[in-house]
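Here's the letter readout for the chains.
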Amino acid sequence: MIEISSGQDKNSSWKRTHYAGSLRREHAGTRVTLLGWVQRQRDMGSLVFLDLRDREGAVQVVFSSDRPDLQAEAKKARMENVVVVRGAVRLRGEKSVNTSLPTGEVEVEAEEFAVLNASRVPPFVVADPPQASEELRFKHRYLDLRRPRMQRNIRLRHEAALRVRNHLAGEGFLEVETPFLGKSTPEGARDYLVPSRVYKGRFYALPQSPQLYKQLLMISGFDRYFQMARCFRDEDLRADRQPEFTQIDIEMSFVDREDVYSQVEGLMKALFEVVGEKIKASFPRLTYAESMEKYGTDKPDLRIPLEIRDLTAAGRGLASEVVKRSLEAGGALKGLVLPGGGALSRGRLDKLDQKARELGAPGLAWIKKSEGFKSSLKLSDADAASVWAALGAGDTDLGLLIAGPAEKALRALGEIRREAVPVQDLKKEGFRFCWVTDFPLFEWSEEEGRLVSMHHPFTSPHEDDLGFLEAEPARVRAKAYDLVLNGVEAGGGSIRIHDPDLQQRVFDVLGLSRAEAEEKFGYFLEALAYGTPPHGGIALGFDRLVMILAGEESIREVIPFPKTTSALCLLSGSPSPVSARQLDELGLKLK
């Protein structure tokens with residue numbers, strides 16, 4: 001063991017030659033210096049084994065009784081101590097090869113050893129799968145990140161970001177940074193506000209997206225822009241959302257939707273090569289209306305082969321009072337076939353009915369073949385046969401029916417469809433992309449009691465629908481598109497409005513007065529008047545894409561320091577109170 005002289009930096013005499021996890025049989029006979037953490041220690045009497053872990057993996061280190069001084073030191077080593085080992089790589093005996101480790105054919109015979117820093121007893125074992133609750137892992141995220149799976153995920157995130165940058169740069173895009181401190185223009189999700197100390201009573205806002213800045217870059221003539229943009233939204237959180245997140249932000253001048261589709265499909269092909277997946281272009285396209293009618297969602301998972309059927313025409317000939325009342329009230333009859341579902345128990349059928357009601361549908365009926373037909377609706381044999389034929393069901397299948405408002409029926413069946421196939425079966429289907437296009441330009445907000453933009457107010461209306469803009473705004477389609485992957489919205493974008501007069505017309509429909517538009521977007525409206533090129537783009541959710549690449553179920557598993565679902569940072573304890581002095585400097589007072 002090397003002795004460290006007084007006053008000498010104990011790290012200065014150790015220089016890593018190899019990463020522990022990179023050692024293979026071809027390194028046998030090589031003298032190496034390894035630096036890392038003790039993953040495990042095993043005292044076998046005449047031999048002591050340490051598993052030494054670094055970012056590349058772990059390797060077994062052997063301390064023999066020939067060096068009692070080293071062996072004594074190794075026996076003192078505890079989990080997560082930071083150590084250095086110098087020794088020779090040797091092949092393991094045939095019976096001692098560890099086939100579960102990439103380094104399992106070799107081990108390092110220790111010649112020198114030192115503990116560079118001791119560790120407290122960790123609150124959980126650093127190992128896969130996780131040995132602690134998510135809350136405890138997040139509180140000690142620096143330990144959780146030492147797990148091999150987390151090391152792999154963060155490395156994958158780096159490789160994905162590098163691939164995105166290199167690919168887009170090769171396509172002629174320039175990476176441009178846009179400001180974090182901007183103007184608050186609340187639309188949809190809430191802004192995170194930043195008070196100004198210099199201009200008391202005035203606030204910056206953190207960007208929900210760089211939308212206006214990237215459009216300004218097109219007005220500025222940069223033609224092709226991208227950014228790995230950090231964005232912030234103070235909104236209600238869900239499993240796949242964070243208050244701060246990263247998006248691949250892209251904008252292009254002199255393009256139409258086809259140009260955007262082509263660029264993004266090429267980017268996805270390059271990105272998924274990082275995990276060895278070959279993605280085929282071009283992706284299927286569905287209009288918003290088609291997606292809702294077939295799949296009950298604007299985020300269809302095309303790995304699931306089931307499609308919703310419109311049974312309204314067949315329903316008009318049925319004697320069922322339930323169906324009659326629904327259709328007379330302007331509703332529809334929608335159906336979904338579950339292959340082999342005829343064997344489902346009555347208890348399971350009752351749970352499906354309960355789920356449909358929770359999703360807003362008036363109820364769920366079923367029909368199946370069993371010595372004729374059986375159904376929760378009162379149907380004659382002729383009526384049942386008519387419904388069965390319209391469903392296109394087989395002898396062992398189950399037909400699910402909802403009569404009621406079309407939108408609620410579709411959404412309920414869409415959710416049931418999504419859960420009909422086990423997750424493990426879906427994973428075998430690989431990656432299925434599609435484009436969902438032609439969204440409505442506006443939607444009605446019950447909360448605000450007015451029309452709002454389905455995407456954002458800078459989205460261009462479809463040229464064919466401009467005549468409906470003021471008279472029938474609900475009929476206007478947007479030149480908007482979402483990229484959907486395995487039932488997850490991977491990104492969304494649109495062709496933008498480049499005509500200031502058309503932009504004002506859209507503001508008028510949204511009920512935004514000229515004065516309000518000037519206050520919120522005056523600088524942008526002025527810029528539009530100085531020769532704005534036709535342009536469009538997209539924002540792709542980088543965290544979600546990496547999550548899918550890594551095979552994880554939550555974006556928190558691919559973000560180094562995530563917040564909880566309630567937007568708390570358990571590691572740092574934020575958000576946290578600030579001192580009265582800080583508030584006074586900002587001219588603020590808490591209510």
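Calculation rules
Residues numbered from 1 in each chain as written. Predicted model: local features only at pLDDT ≥ 70, side-chain atom pairs only at ≥ 80, totals over all residues. Heavy atoms only, no water. Helix = DSSP H or I, 4+ residues; strand = E, 2+ residues; numbered from the N terminus. Pairing = 2+ DSSP bridges. Contact = heavy atoms within 4.5 Å. Axes fitted to C-alpha atoms, helices over the stretch in contact; angles between N-to-C directions. Parallel < 35°, antiparallel > 145°, perpendicular 65-115°, else oblique. Left-handed = near helix turned anticlockwise from the far one by under 90°. Nonpolar A, V, L, I, M, F, W, Y, C, P; charged D, E, K, R; others polar.

A. Region of the structure containing unusual backbone geometry. Between D128 and P129 the backbone carries a cis peptide bond, its omega angle lying at -10°. The amide bond that connects S574 to the next residue, P575, takes the cis arrangement and shows omega of 0°. One can find P575 in the loop between helix 16 (542-550) and helix 17 (580-586). Of note, N486 is a non-glycine position whose phi angle comes to about 50°, a positive value. Mapped onto the elements of the fold, N486 is located in the loop between strand 20 (480-485) and strand 21 (488-495). In this structure, A567 takes a positive phi of about 65° despite not being glycine. Within the element layout of this structure, A567 appears in the loop between helix 16 and helix 17.

B. How the structure looks around the sheet that holds strand 20. In spatial order, the strands read 6-9-10-22-21-20-17-11; together these eight strands make up an open sheet with mixed pairing. Two strands bound the open sheet, and with one partner strand each, they are strand 6 (174-175) and strand 11 (285-287). For strand 6 and strand 9 (residues 224-232), the ladder comprises two bridges, and the chain directions are parallel. Paired with E175 across the bridge in strand 9 is F226. On top of the sheet, helix 5 (residues 211-219) reaches strand 9, strand 10 (244-253) and strand 22 (535-541); it is set at about 25° to strand 10, its chief contact.

C. Here's a closer look at the packing of helix 4 (residues 148-170) against helix 16. Where helix 4 meets helix 16, the closest approach of the two axes is 10 Å, and the angle between their N-to-C directions is 120°. Taken together, the axes of helix 4 and helix 16 are oblique relative to one another. Read as a crossing pair, helix 4 and helix 16 show a hand that is right-handed. Residue-level contacts link R152, N153, L156, R157, A160 and A161 of helix 4 to F542, D543, V546, L549 and A550 of helix 16. Split into classes, the residues belonging to the contact of helix 4 with helix 16 amount to seven nonpolar, one polar and three charged.

Just distances and angles here, no functional claims.
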